[in-house]
Amino acid sequence: MTVRLSALLPSLLSCALIVTCGASASASAPARAGTVLPTGTVRPSGALSPGGAVREAARRAPACGAPYLVERELPNGARWRLCWEMRVIEGLTLTGVAYTPPRGRPIPVLRSTALAQIHVPYDSGEPRFHDIGALGENAVTLASADCPGGERRERFVCVTTRSRGHGYLKSLPGEPNLSALGHELVVYAAFQIGWYTYLVEWAFSDDGAITPRVGATGSLAGFATGPEYGWSTGTGDTHVEQSHTHNIFWRLDFDVDGPKHDVVEQYDFPGSGTARRTLSRTVFTEEAKAVNAPARWWRVVDTESRNADGHPISWEIGDSGSAQYRGPADEAFTRADLYVTQYRACERLASNNPAPRCAGSVDRYVSGQRLTDPVVWVNVSYHHVARDEDADPMPTHWQGFRITPRDAMAENPR
Ligand SMILES: [Cu+2]
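Residues numbered from 1 in each chain as written. Predicted model: local features only at pLDDT ≥ 70, side-chain atom pairs only at ≥ 80, totals over all residues. Heavy atoms only, no water.

A. Spotlight on the environment of A332. By the secondary structure assignment, A332 is in the loop between β18 (312-318) and β19 (338-342). Assessed through its relative accessible area of 25%, A332 is described here as partly exposed. In the structure, A332 is positioned 32 residues away from R364 in sequence and 8.7 Å away in space, judged by C-alpha atoms. Leaving out residues up to four positions away in the same chain, A332 has contacts with Y339 and D363. (Helix = DSSP H or I, 4+ residues; strand = E, 2+ residues; numbered from the N terminus. Buried < 20%, exposed > 50% of the residue type's maximum accessible area, 1.4 Å probe, protein only. Contact = heavy atoms within 4.5 Å.)

Encoded structure:
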């Protein structure tokens, strides 16, 4: 552990000198062979989408071919289609995500999704990393064993299918037993940031659900502290590893059943402590920030399109697994769990946004604009108190959330 600390010291000093620590964590990463980005798949560093009509056309109709096209049918007959690219800043980015239920028509869900920040504040107050600044430059070459049963695309991305346990199981007297194992398409990549390796994945289930999540593995950073801020790891009590939080932000540009008529709603069920719970709906007509609460969830609904049952098609967002970190005033972007903003191409990251034409963080993107093309930002926190088992390599700790179809189909799409 001593060796690691001394190895980190130069990057910490340069971090202090340049004030913004966005690139400092990646600067401390061990040099890796084979992390050259695939030609033609990466935008130049800091570059934004092309402007005007070209940009509009490109984002309305995302298209791609091999090896960037993912099109897969799962055993129940459901299909997912999407494109991937490895962006310099955000790393793995998925566009044009559409779900086709068994015997149904394709339903667009997301125009694009990518990570928008990995913010890692340590419990003593320092250091405080913003690990996304050049994620794509730190993509790890995957071995074939790292992509079991799947296809490696351009060495960095794995596309595979895996079981998700029982999709359903029904056994009622007088009725035929029904059960089936479910499957999901998984698209993931790994990124080396400092001593940590982040596994960034999206799972696309055969029932239409999407699970974005990030797993942190690799090695502990080795920041020593007193017992009030950490946990004794390693041999005996020679080292107290400093606790810290991983605040992970996703940017989700929804296009539920096409680019128009998307509205974001919040649902609550007040009545705690009484026998009844009522349903309460809040429609976000303007840009908004929201915090988690028990039984609270959100949905993006297309107000014009209907399922065969006549109900509006939507995808629901649940974020109940977050530790809900709240930072100091100069980290106001940590003070909400979900943001809804009007689409702007230059609003890319939740903090340390690289585009000078836009504000610097997601809390400041919320400026009272009317929502006609909503982008949803989800913040999931995990408080990492190290334990002896974390060394070494550190077992993967996962954090993420769920996006579930709500009335996209008229019945179970089995
Ligand atoms: Cu950690």
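B. Region of the structure containing the coordination of the copper ion. For the copper ion, the full set of protein donor atoms is Y196 (OH), H244 (NE2), H246 (NE2) and H384 (ND1), at a range of 2.0 to 2.1 Å. Taken together, the 4 donor atoms coordinating the copper ion span angles of 85 to 140 degrees at the metal, a pattern that classifies the geometry as irregular. Each donor residue of the copper ion belongs to the same chain, with the gaps between them written as Y-x47-H-x1-H-x137-H. Taken as a pair, H244 in strand β13 (residues 244-254) and H384 in strand β20 (residues 374-384) lie far apart in primary sequence, 140 residues in all. With relative accessibility at 0%, the residue H244 sits in the buried group. Residue H384 is classed as buried on the basis of its relative accessible area, which comes to 1%. (Donors = N, O, S within 2.8 Å, 3.2 Å for Na, K, Ca; no water. Tetrahedral: all angles 85-135°; square planar, octahedral: opposite > 155°, others 65-115°.)

C. Layout of the packing of aromatic side chains. Applying the stated rule across the entire model yields 12 aromatic pairs. Ring geometry for F249 against F333: centres 5.8 Å apart, planes inclined by 55 degrees, an arrangement best described as tilted. Of this pair, F249 sits in strand β13 while F333 sits in the loop between β18 and β19, placing them 84 residues apart in sequence. Accessibility classification places F249 together with F333 in one group, the buried group. (Phe/Tyr/Trp six-rings, centres within 6.5 Å; stacked < 30°, edge-to-face > 60°.)

D. Main features of the pairing of strand β22 (residues 402-406). Side chains of β22 alternate between two faces, with I403 and P405 buried and R402, T404 and R406 left unburied. Bridge count between β18 and β22: 5 bridges; the pairing is antiparallel. Note that in β22 the partner of W315 across the bridge is P405. (Pairing = 2+ DSSP bridges.)

E. Broad picture of the state of the cysteines. The final tally for this structure, using the stated rule, is 3 disulfides. The disulfide bridge from C64 ends at C83, spanning 2.2 Å between sulfur atoms. Its S-S torsion of approximately -90 degrees makes the covalent link between C64 and C83 left-handed. Here C64, found in the loop between α3 (52-60) and β1 (69-73), pairs with C83, found in strand β2 (residues 79-87); they are 19 residues apart in sequence, far enough to count as distant. Paired through a disulfide, C346 and C358 show a sulfur-sulfur distance of 1.8 Å. Of note, the bridge from C346 to C358 carries an S-S torsion of about 60 degrees and is right-handed in sense. With C346 in the loop between β19 and α4 (362-365) and C358 in the loop between β19 and α4, the pair connects residues that are 12 residues apart, well separated along the chain. Take C346: its relative accessible area is 3%, and that puts it in the buried class. Owing to a relative accessible area of 9%, C358 belongs among the buried residues under this scheme. (Disulfide = S-S within 2.5 Å.)

F. Focus on the nonpolar core. L92, F204, F254 and W315 are the most contacted members of the largest nonpolar core, which has 70 residues in total. In terms of residue count, the dominant contributor to this core is strand β4 (residues 107-121) (6 residues). If you look at the next biggest cluster of nonpolar residues, it comprises 13 residues, including A116, A350, Y365 and V375. (Core = buried A, V, L, I, M, F, W, Y, C linked by side-chain atoms within 4.5 Å.)

G. Examining the pairing of strand β8 (residues 178-193) more closely. Strand direction decides the pairing type here: strand β7 (residues 157-170) and β8, joined by 11 bridges, are antiparallel. Looking at β8, one finds that V157 is bridged to A189. In this structure, β8 lies alongside strand β9 (residues 196-205), joined through 10 bridges in antiparallel fashion. In the strand pairing of β9, Q192 is matched with T197.

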